[in-house]
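Understanding the architecture of this molecule
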Amino acid sequence: MPLTEDADIRDLLQNARTIAMVGASDRPSRPSYGVMAMLQRHGYRVIPVNPQITGEHVHGEFVFRELGQLGDPIDIVDIFRNSAAAGEAVDQAIAAGAKAVWMQLGVVNEKAAARAEAAGLQVVMDRCPAIEIPRLGVAPIGD
C-alpha cells in the first residue's frame, strides 16, 4: 500500500539524504529541473539519471545512464517518467537496493508499486516532494 498518511511521508522525507532522480532534465523548462534544484537547496544530494544526457551535469551533479551505476546508497528514487515507463525505473530501484520509490504527480503504476512493496521498498505515488516538503514542514537537512 503506497504511503498516504502525512506522518509517513514526512518521516520518509526527513530520514532521506540521497535521492536519485530518474528522468532528470537539463532543460530549465522541465519540472524535474526545478524540483531537483529545490531538493538540493533543502539539503538533499540529488543524483540525476537520464540515458539521453549521460555524462553531462545538471545542477553540478554528473548524470548517470541508469540506477545500477550509482554505487552509493539511495534513499529515494524520484521518478519523472510516465506511468507506463515507471515500472522499469521501479525495477532498477529494487535492483539497486533503494529504500523507497517516489512516483511524481500524475505517475501511477499499481503493478510497479506492488513489486516495490514486495521487495521491501516504501512507495509514494502521484505526489511531488517539492510540494510535500513545505506542506509537511520538513526541516532542511542540516538544520
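See the structure printed just above.
Anyway, here's the lowdown on the structure attached to this text. (Residues numbered from 1 in each chain as written. Predicted model: local features only at pLDDT ≥ 70, side-chain atom pairs only at ≥ 80, totals over all residues. Heavy atoms only, no water.)

**Section: the pairing of strand β6 (residues 100–103)**
Selection rule: Burial classes: relative accessible area under 20% of the type maximum marks a residue as buried, over 50% as exposed, and values in between as partly exposed (1.4 Å probe, protein chains only). Strands here are runs of E lasting at least two residues and helices are runs of H or I lasting at least four, both read from the DSSP assignment and numbered beginning at the N terminus. Being paired, for any two strands, means DSSP has found at least two bridges between them. Handedness of a crossover is defined as follows: with both strands directed away from the viewer, a clockwise route from the first strand across the helix to the second makes it right-handed.
Side chains Ala-100 and Trp-102 project from β6 onto one buried face, and the interleaved Val-101 and Met-103 project onto a second face that is buried too. Bridge count between strand β5 (residues 76–79) and β6: four bridges; the pairing is parallel. The residue of β6 that forms the bridge with Asp-78 is Trp-102. Of the crossover connections in this fold, the one passing from β5 over helix α3 (residues 83–96) to the parallel β6 is right-handed. Where β6 lies against strand β7 (residues 122–124), three bridges are found, and the strand directions are parallel. Bridge pairing links Ala-100 to Gln-122 in β7. Once you follow β6 into helix α4 (residues 110–118) and on to β7, the crossover reads as right-handed.

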